[in-house]
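# Overview (structure and organization)
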Amino acid sequence: MKYYKVKVKCGHVRKSKYILKWIFIKAEDGKEAAEIARRKPRVKHNHKDAIREVIEIDFEKYCLGLRAMEDDAYFQVHNKQDQISLNVVKQEELIDEEVVQKLKKKSIGRRLRETAIEKEWKKMKYRGYSYYE
């Protein structure tokens, strides 16, 4: 077994913001360490770039890192209310998320109905019919 430290994007800090934290993991290789880190609590699981860096370390640094993780208040709190009341996340640590804006499309069926109605109105107007007949 080898020892790794993995830099990950952690969430539950604010809307469209994140912080970077190191997680210390024991695994066979770097790819497995990254997969384990992605499944850890408080990591942004569904982000493609959630794993920022994977570094192999020795046992002594691994033990020191685990101790540091135990002392870190961010990993000790279990809900948002405790996190806010204990002021676990500093404003300087927050990083803005790059938000991709999704375009809203008009429904195809709705668009087809609207064009059909417009054509019908034009035909009726051309033939001399009024709306109230």
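This next bit is on the overall build of the protein. Within the protein, the regular secondary structure consists of five helices and four strands. Start at the N end of the protein and walk to the C end: the helices and strands fall as β-β-α-β-α-α-α-β-α. In the protein, buried positions account for 26% of the 133 residues. Pairs at least 24 residues apart make up 64% of the contacts formed inside the protein by residues separated by at least 6 positions. For the protein, the computed accessible surface area is about 10800 Å², with 52% contributed by carbon and sulfur atoms.

Next up on the list: the side chain of K21. One can find K21 in strand 2 (residues 17-27). Polar side-chain contacts of K21 include one of 3.0 Å to the side chain of D72. Discounting residues that sit within four places of it in the chain, K21 has contacts with V6, K7, V8, C10, D72, Y74, F75 and E93.

We now examine the sheet that holds strand 2. Within the open sheet, the four strands sit side by side as 3-1-2-4. Their pairing is antiparallel. At either margin of the open sheet sits one strand with a lone partner, and together these are strand 3 (51-57) and strand 4 (95-96). Taken together, the two bridges between strand 2 and strand 4 define a ladder with antiparallel strand orientation. Bridging across to strand 4, K17 finds its partner in D96. Across the sheet, helix 1 (residues 30-38) lies against strand 1 (2-10), strand 2 and strand 3, angled at about 130 degrees from strand 2, the strand it touches most. Docked against the sheet, helix 2 (residues 59-71) engages strand 1, strand 2 and strand 3, running at close to 135 degrees with respect to strand 2.

Rules and cut-offs
- Residues numbered from 1 in each chain as written.
- Predicted model: local features only at pLDDT ≥ 70, side-chain atom pairs only at ≥ 80, totals over all residues.
- Heavy atoms only, no water.
- Helix = DSSP H or I, 4+ residues; strand = E, 2+ residues; numbered from the N terminus.
- Buried < 20%, exposed > 50% of the residue type's maximum accessible area, 1.4 Å probe, protein only.
- Contact = heavy atoms within 4.5 Å.
- Areas by Shrake-Rupley, 256 points an atom, 1.4 Å probe, with all protein chains shown as cover.
- Polar contact = N/O pair within 3.5 Å; in protein donor to acceptor, adjacent residues only side chain to side chain.
- Pairing = 2+ DSSP bridges.
- Axes fitted to C-alpha atoms, helices over the stretch in contact; angles between N-to-C directions.

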